[in-house]
Amino acid sequence: MQTKEVIAGYWDLRSKSYGRGVVASKDEEREIWKRCLAPFLAERDVFKALDVGAGTGFLSFVLHDMGLDVTSVDLSAGMLSFANDACIHQKRDLGLCLADAESLPFQSLSFDLVTSRHLLWTLPDPARAIAEWMRVLCPGGRIIAVDGNWFDPTPSSW
Ligand SMILES: C[S@@+](CC[C@H](N)C(=O)[O-])C[C@H]1O[C@@H](n2cnc3c(N)ncnc32)[C@H](O)[C@@H]1O
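(A) Expanded view of the site of the ligand. Near the ligand lie 18 residues; those nearest to it are Tyr18, Gly53, Asp74, Ala101 and Arg117. Interatomic distance of 3.2 Å between a backbone N/O atom of leucine 75 and a nitrogen atom of the ligand. Here an oxygen atom of the ligand and a side-chain polar atom of arginine 117 are 2.5 Å apart. Considered on its own, the ligand offers 600 Å² of accessible surface; in the complex 98% of this is hidden by protein.

If you want it as structure tokens, here you go:
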């Protein structure tokens with residue numbers, strides 16, 4: 001089995017519980033994300049966003065609430081199925097796309113913004129992914145990538 005099939009299978013399994021957890025995120029958390037993102041979106045006209053590794057759609061929905069035209073990409077059909085259900089339930093019009101963040105099925109210069117939340121740590125070749133995100137960005141576009149040091153065993157200093 002190819003590496004990407006194994007990864008997709010893992011996230012398909014995780015989607016059953018991951019969807020519940022993320023869907024349960026509080027409105028307060030969404031508002032914090034909007035406040036953090038707003039200064040970056042205000043710098044220039046941002047209309048078209050691509051959310052890579054979108055999962056069940058948490059960040060995609062925040063961007064959509066902020067008025068952007070959002071395309072959400074994920075490798076896992078299970079994750080996208082939860083995102084699709086939420087789109088139907090919330091009457092949202094997003095583009096959902098089953099694809100690899102390291103090899104995107106979009107033309108160059110297609111988006112004003114590329115976002116990823118908690119994706120980079122999962123990728124076999126993050127440098128290739130970022131090069132691909134640069135390719136699909138319009139001139140002056142931005143990449144906003146948010147991640148964590150999830151598996152660092154060092155005790156926190158505070
Ligand atoms: C930790 S989850 C984060 C989901 C979402 N961004 C969030 O913040 O809730 C990682 C996501 O990345 C997706 N993913 C992993 N490898 C991918 C790849 N090569 N291309 C696209 N999505 C990928 C997984 O299917 C999963 O939905």
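So, next bit.
(B) Region of interest: unusual backbone geometry. The phi torsion at lysine 91 lies on the positive side, around 55 degrees, for a residue other than glycine. By the element assignment, lysine 91 lies in the loop between α4 (77-89) and β3 (95-98). The phi torsion at leucine 109 lies on the positive side, around 60 degrees, for a residue other than glycine. Within the secondary structure, leucine 109 sits in the loop between β3 and β4 (111-117).

(C) Broad picture of the pairing of strand β2 (residues 69-74). Of all the six residues making up β2, five are buried; the element is thus mostly covered by neighbouring parts of the structure. In this sheet, β2 lies alongside strand β1 (residues 48-52) in parallel orientation, the contact comprising five bridges. Bridged to alanine 49 within β2 is valine 70. Regarding the hand of the β-α-β motif, the stretch spanning β1, helix α3 (residues 58-65) and β2 is right-handed. Where β2 meets β3, four bridges bridge the pair, whose relative direction is parallel. When the sheet's bridge partners are listed, aspartate 74 is paired in β3 with leucine 98. The handedness of the β2 to β3 crossover, carried by α4, is right-handed.

So, how was this worked out
Residues numbered from 1 in each chain as written. Predicted model: local features only at pLDDT ≥ 70, side-chain atom pairs only at ≥ 80, totals over all residues. Heavy atoms only, no water. Near = heavy atom within 4 Å. Polar contact = N/O pair within 3.5 Å; in protein donor to acceptor, adjacent residues only side chain to side chain. Areas by Shrake-Rupley, 256 points an atom, 1.4 Å probe, with all protein chains shown as cover. Helix = DSSP H or I, 4+ residues; strand = E, 2+ residues; numbered from the N terminus. Buried < 20%, exposed > 50% of the residue type's maximum accessible area, 1.4 Å probe, protein only. Pairing = 2+ DSSP bridges. Right-handed = clockwise from strand over helix to strand, strands pointing away.

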